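# Structure assessment
In case you want the letters, here they are:
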Amino acid sequence: MKYALVVLRNTQNPVSSVEFEPVVDAFLSGGVFLDEVLLLPYDKPSLVSEHLFRLSKETEGLFIVCDGAIKASAQEAISLISGENSDVCETEKCLFAVISAGKSGAESVAADLIPRIDRRRNRRYSRVVIGTVAAPAKKIRDALRAAEEVAEDKLLLHAGGKYGVNTIEIIYDQETPKMTADEAVRAILGEVGEYTYTIGGESIAERLVEALKLHRLKISTAESFTGGGVGGAIVAVSGASSVFYEGINAYDSDAKIDRLGVKEYTVRSKGAVTDETAYEMAAGLIAQGHCDISIATTGVAGPNGDGTNAPVGLVYIAVGTKEHVRVYRYDLTGDRETVTKTAINLALFLAYRELK
């Protein structure tokens, strides 16, 4: 079976983009590989129509991704071929769909289109999602190669990642023994086990909350450059109220001193973005006696420095317990958003790993 994806974009605006990658990932996660992906200018309808008519004859699934402003035009273009004006329509030969860009489009693919495709091809797919944090690229490649050796072409493997999180998906149909998938999981964990937080698809924050509940522990966060992102990720998980005590956004150096007990000497002589400051931030929360484990973050997200010699991307994350405080240093790359979100994921993972 052949499937194609057409992305309609505004070529007159050089900074305009259509977020179609999540949609592609959703198809791959459902065991649907796209044989052709085209990026076409929506303001050239004759060119768009030419490709749509061609693909409607060559494929069994033709999907258009676009922003909401031109969704009606995309539906009209599909209706000229299918005879029906709607988001999703089917003929005997082909399944047509107009999909929103971004996360909402990916969700509609998983919830609606994948089940439709499975019915049409009379095949149901299962998947295992292995989630890792900070796994080196070589380790991910080695894990994929190890899985391919045991897969014997019976499994589909899909890897992707963002902000320090990498996932490897093992996709298989009902005719493939689950034992084959289990062997592939073992092969992957043999390479990236120390970086793994899930083989069930949960988020890092969900796994951390589960671990805290299991051990009946309370957690607090002290954040500087992440601005509450770590605590926000935790409280976004249902049931977090039973394990989350407080989150302090001590952005200013004086706040670190006043709220967390960081020594003025440490901040003034060593600097706010140092392992010493991160250590004392995490230790300060533990010393207050309200939590069993703490997370502290301090760093330079950019685009500008903090007025010291600390380079952009320098990050310290501390995880404290009543027994010890561990401090981790990272030199991250990317823009402000990338550095911040990567650090948030690292902090959640390091706390989870402390509880394993």
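Everything below is about the structure printed above this text.
Everything in this summary refers to the structure shown in the same document. (Residues numbered from 1 in each chain as written. Predicted model: local features only at pLDDT ≥ 70, side-chain atom pairs only at ≥ 80, totals over all residues. Heavy atoms only, no water.)

### A look at the side chain of Ser220
Selection criterion: A run of H or I in DSSP becomes a helix once it reaches four residues, and a run of E becomes a strand once it reaches two; helices and strands are each numbered from the N terminus. Whether a residue is buried, partly exposed or exposed follows from its accessible area with a 1.4 Å probe, protein chains only, as a fraction of its type maximum: under 20%, in between, or over 50%, in that order. Any pair of residues with heavy atoms lying within 4.5 Å of one another is described as a contacting pair.
Considering the arrangement of structural elements, one finds Ser220 in strand S10 (residues 219–223). Judged by its relative accessible area of 1%, Ser220 falls in the buried class. Setting aside chain neighbours within four positions, we find Ser220 in contact with Tyr245, Glu246, Leu285, Cys291, Ile293, Ser294 and Ile295.

### Regarding the sheet that holds strand S11 (residues 244–249)
How we decide: Here, any two strands with at least 2 DSSP bridges between them count as paired. Think of each axis as a best-fit line through the C-alpha atoms, taken over the contacting stretch in the case of a helix, with angles from 0 to 180 degrees between the N-to-C directions.
The strand order across the open sheet built from 5 strands is S11-S10-S12-S13-S14, with neighbouring strands paired in mixed fashion. Strand pairing shows two members of the sheet lacking a second neighbour, S11 and strand S14 (325–331), which therefore form its edges. Strand-to-strand twist in this sheet, taken as the mean axis angle between neighbours without regard to direction, amounts to 10 degrees. Looking at chain direction, S10 and strand S12 (residues 293–299) are connected through 5 bridges and run parallel. For Ala222, the partnering residue across the bridge sits in S12 and is Ala296. Strand contacts of helix H11 (residues 275–287): S10, S11, S12, strand S13 (314–321) and S14, with the helix running at about 150 degrees to S12, the strand carrying the most contacts. The strands touched by helix H12 (residues 336–355) within the sheet are S10, S12, S13 and S14, with S13 carrying the most contacts at an inclination of about 25 degrees.

### Some details on the sheet that holds strand S4 (residues 88–90)
With mixed pairing, 5 strands are arranged side by side in an open sheet as S2-S1-S3-S5-S4. Only two strands of the sheet have a single neighbouring strand rather than two, namely strand S2 (36–41) and S4. When strand polarity is set aside, the average angle formed by the axes of neighbouring strands in this sheet is 15 degrees. Inspection of the sheet shows S4 paired to strand S5 (residues 95–100) by 3 bridges, in the antiparallel sense. Within the sheet, the bridge partner assigned to Val88 lies in S5 and is Ala97. Contacts between helix H2 (residues 45–58) and the sheet are confined to strand S1 (3–9), S2, strand S3 (61–66) and S5, with S2 contributing the most and set at about 160 degrees to the helix. Sitting on the sheet, helix H3 (residues 71–82) is in contact with S1, S3, S4 and S5, with an inclination near 175 degrees to S5.

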